[in-house]
Amino acid sequence: YMYQLAYGNVAPSPPPPAPRRNMPPGQTLDDATAYGEKGTMYMRRGDYMEALRTYDSCLRIQLVALGDRHPMVAQTIDLMGVAFLRLGKVREASETFEKALLVYEAMRVDGNTAYSVDWALTVMHIGQALELEAENHPKVSAYKIDGEVDSLTNKAYQYYQEALEVFQVEERDVPDGADLDIANIMHCMGNVHNIRGEYMQALRKYKLALKDKIELLGEKDVSVGWTKCNIGNSLRGIGKIDEAIKWYTEALETVTRHLGTHHPEVAHVHWNLALAHQNKGETEADRRASSWRNVWFLRPFLGSARRLGHEGYEFQRMEKHLRHAFDVFEKRLGDDHMSLERAKEAIIALEQLKRD
């Protein structure tokens, strides 16, 4: 289903003189619009592969009707890139976003600069693809940033800066006023700092994003939930586990209300809660083990520290959130998705702990 994408946008050409002449029988731009709306519905439901197929049907009609130098074509290609990104297919997402940029830049050559904000959104999405690639890169050390991760995150940040400059010029009517695209860029910049282990910088960016999102969208909007979740990630990174759990819980309540319990993105919040409860359980186990060292008849049990770290309330909460995340990832994402692979590894480790 990527045939039309490859055909239409590798190298944009001048619009055909009679763009509607080769329209498929019974297909109109109204049909393309319907496909686009249906694709967006699938995205909201977390059915990313269906969204991708539907956007491709939309693009097939648009290419014939509008040519390959039209903003609607670029927007559809960009949406397909977002679907690839949600599926965890970083290379395909990056290539798709680059094709959308080719369309926008071809329009600029033609003298059409009216779509600079759409161009900036695609630039932001390229940054997100680099960000995901960095996040999925194997960690060499918990204390030192890997060279590849350093390069990817720096590139992502540069793309975010480029997009931010456009948004600040084109969209902010009041100096220092709230703007949703700028808030999303602040959120993305916070993600980069999180990946780099720069948790305090991340928190500052997230707080800026959260303030504007609440002002524009209200406390209960799903976008507010995502930023709250990532604030939890930063707090967990600096060891404030109880605060992290509080933010994750607020985020989970918000996103579940909008998307339901079996949405892949909601499952990611469950995954984060599982990690937080694991961290808290291990800390409490270390505290118990430390107190045992002073009681001679308990010393033989210190060898079971791994097991002790996964007992009691925190273990139960961790297991509950982990299994929920795994079940959703398995049903809704591809077998090669990094989130499913990580969840599988965690489930295997959990079963091993139970056997020990």
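None of the values given here were measured: they were computed from a predicted structure. (Residues numbered from 1 in each chain as written. Predicted model: local features only at pLDDT ≥ 70, side-chain atom pairs only at ≥ 80, totals over all residues. Heavy atoms only, no water.)

1. Observations concerning the overall build of the protein
Helices and strands together make up the secondary structure of the protein, namely 15 helices and 0 strands. Residues counted as buried form 45% of the 356 residues belonging to the protein. Contacts in the protein between residues far apart in sequence, at least 24 positions, make up 68% of those at least 6 positions apart. Carbon and sulfur atoms provide 52% of the accessible area of the protein, an area that totals close to 18100 Å². (Helix = DSSP H or I, 4+ residues; strand = E, 2+ residues; numbered from the N terminus. Buried < 20%, exposed > 50% of the residue type's maximum accessible area, 1.4 Å probe, protein only. Contact = heavy atoms within 4.5 Å. Areas by Shrake-Rupley, 256 points an atom, 1.4 Å probe, with all protein chains shown as cover.)

2. Looking at the packing of helix α6 (residues 116–136) against helix α7 (residues 147–170)
Axis angle and axis distance: for two packed helices, these are the angle between their axes and the distance between the axes, and together they describe the pair. Axis separation between α6 and α7 bottoms out at 8 Å; the angle between their running directions is 160°. Accordingly, the angle class assigned to the pair α6 and α7 is roughly antiparallel. With respect to the hand of their crossing, α6 and α7 are arranged in left-handed fashion. In the contact of α6 with α7, the residues fall into 17 nonpolar, 4 polar and 5 charged. (Axes fitted to C-alpha atoms, helices over the stretch in contact; angles between N-to-C directions. Parallel < 35°, antiparallel > 145°, perpendicular 65-115°, else oblique. Left-handed = near helix turned anticlockwise from the far one by under 90°. Nonpolar A, V, L, I, M, F, W, Y, C, P; charged D, E, K, R; others polar.)

3. Some remarks on helix α9 (residues 199–217)
Taking 1.5 Å of rise per residue, the 19 residues of α9 would be expected to cover 27 Å, and the 26 Å separating its terminal C-alpha atoms lies within 8% of that figure. Positive phi appears at G218, one or two residues downstream of α9, with a value of about 95°. (Expected span 1.5 Å × (residues − 1).)

4. Structural notes on helix α14 (residues 312–332)
Along its 21 residues, α14 runs 31 Å from first to last C-alpha, staying within 8% of the 30 Å computed at 1.5 Å per residue. Among the residues of α14, E314, F315, M318, E319, H321, L322, H324, A325, F326, V328 and F329 are the ones counted as buried.

5. Let's talk about the packing of aromatic side chains
Inspection of the entire model under this criterion finds 0 aromatic pairs. The ring of W247 has K246 lying over it, and the distance from NZ or CZ to the ring centre is 4.9 Å. (Phe/Tyr/Trp six-rings, centres within 6.5 Å; stacked < 30°, edge-to-face > 60°. Lys NZ or Arg CZ within 6 Å of the ring centre and 35° of its normal.)

6. A few points about the side chain of S234
By secondary structure assignment, the location of S234 is in helix α10 (residues 222–237). According to the relative accessible area criterion, S234 is buried, its value standing at 0%. If we skip the residues at most four places from it in the chain, S234 touches N194, Y199, A202, L203 and Y206.

7. Quick notes on the side chain of E314
Residue position: E314 is located in helix α14. At 2.6 Å, the side chain of E314 and the side chain of H277 are in polar contact. Residues within four places of E314 in sequence aside, it is in contact with H277, K280, G281 and E284. (Polar contact = N/O pair within 3.5 Å; in protein donor to acceptor, adjacent residues only side chain to side chain.)

8. Considerations on the environment of D242
Inspection of the secondary structure assignment puts D242 in helix α11 (residues 241–259). Sequence separation between D242 and K280 is 38 residues, and the spatial gap between their C-alpha atoms is 7.9 Å. A distance of 2.9 Å separates polar atoms of two side chains, one belonging to D242 and the other to K280.

9. With respect to the confidence of the model for the protein
Counting all residues, the mean pLDDT for the protein is 85, and 81% of those residues have values of 70 or more. Every residue in residues 1–21 is under pLDDT 50, and counting partners more than four places away or in other chains gives 46 contacts. A low-confidence stretch, residues 295–305 stays under pLDDT 50, and its non-local contacts, those more than four residues away or across chains, total 9 contacts. (pLDDT = per-residue confidence, 0-100.)

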